[in-house]
Amino acid sequence: MKILLSCLLLLPSLMHAVDLRTLGKSSATISVLNMQPVPLVSSTDKSGWARIPAFFSNHGATIFTPSASTNGVADIEIQADGYLFLACNWDYQGNSSGNWEKERWTEKNFKSKGWARLSKNDLGGDLVKNDNRAQTIFFKRVKKGEHLRLRCNKYDPPYPILLTSKL
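From a predicted model like this one, the values you see are computed outputs, not experimental measurements.

**Some thoughts on the nonpolar core**
Among the nonpolar cores identified, the biggest contains 38 residues, and F56, I76 and I161 are the most heavily contacted of them. Among the secondary structure elements, those contributing two or more residues to this core are β1 (29-32), α2 (54-58), β4 (61-66), β5 (73-80), β6 (82-88), β9 (136-142), β10 (147-151) and β11 (159-163). Looking at which element gives the most residues to this core, the answer is β6, with six residues. With near-sequence residues (within four places) excluded, I76 lies in contact with I30, S31, V32, L84, L86, E146, H147, L148, L150 and P160.

What follows is the structure, encoded as structure tokens:
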């Protein structure tokens, strides 16, 4: 009986692990205005990443980073169906001048539009920029032809992430 109860307690985490494997097998293809894909690896670069969750490190993740001014917005065009991860941060980045807060998506907005949040336990750690800003990670299955215009903060855009190696 104890073994059965133990197995039942593990079932939700095992089911979730299977879900993450499914996500990794089917990444979307995207283009992002004024952002370019780069490998998601730790670096000492000022705009680089201090800590990478194991899930992303183990599966060859690519992150889109600004190549020109984004004004805090990620304009994403979906070119092929699949899963898209998104890294967002809501730490203070300045006052409300410029009315940027009217465009900002909160966690509630993401969830209401079908995005699911992944915890650091799900991912095997936190994604943290070198400016010490921890990111909240969302994912969603997106469809070819969709256009997403997303903003979470004044200066930092949401960072799209794709998995490049299959699980």
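**Concerning the sheet that holds β9**
Think of a sheet as strands paired side by side through backbone hydrogen bonds, with each pair either parallel or antiparallel. With antiparallel pairing, six strands are arranged side by side in an open sheet as β2-β4-β11-β6-β9-β7. Looking at strand neighbours, the two that pair on one side only are β2 (35-39) and β7 (116-118), the edges of this open sheet. The average undirected angle you get between the axes of adjacent strands in this sheet is 35°. Sheet topology note: the β7/β9 ladder contains three bridges and is antiparallel. The residue bridging R117 from the neighbouring strand is F138, located in β9.

**Regarding the state of the cysteines**
Enumeration over the complete set of coordinates arrives at zero disulfides. The thiol of C88 is unpaired, and the distance to the nearest cysteine sulfur, on C152, comes to 3.0 Å. For C152, a relative accessible area of 1% corresponds to the buried category.

**Focus: the pattern of salt bridges**
The tally for this structure, following the rule as stated, stands at eight salt bridges. With its nearest N and O atoms 2.7 Å apart, the salt bridge here joins R149 to D75. Of this pair, R149 sits in strand β10 while D75 sits in strand β5; the two residues are 74 residues apart in sequence, bridging distant segments of the chain. On the basis of relative accessibility, which here comes to 49%, the residue R149 falls in the partly exposed class. You can call D75 buried: its relative accessible area is 12%. Taking the shortest distance from any N to any O, the salt bridge between K129 and D131 comes out at 3.6 Å. Since its relative accessible area comes to 35%, D131 is described here as partly exposed. Each of K129, D131, R133 and D156 takes part in a single network of salt bridges with overlapping partners.

Reading the values: the criteria
- Residues numbered from 1 in each chain as written.
- Predicted model: local features only at pLDDT ≥ 70, side-chain atom pairs only at ≥ 80, totals over all residues.
- Heavy atoms only, no water.
- Core = buried A, V, L, I, M, F, W, Y, C linked by side-chain atoms within 4.5 Å.
- Buried < 20%, exposed > 50% of the residue type's maximum accessible area, 1.4 Å probe, protein only.
- Helix = DSSP H or I, 4+ residues; strand = E, 2+ residues; numbered from the N terminus.
- Contact = heavy atoms within 4.5 Å.
- Pairing = 2+ DSSP bridges.
- Axes fitted to C-alpha atoms, helices over the stretch in contact; angles between N-to-C directions.
- Disulfide = S-S within 2.5 Å.
- Salt bridge = Lys/Arg side-chain N within 4 Å of Asp/Glu carboxyl O.

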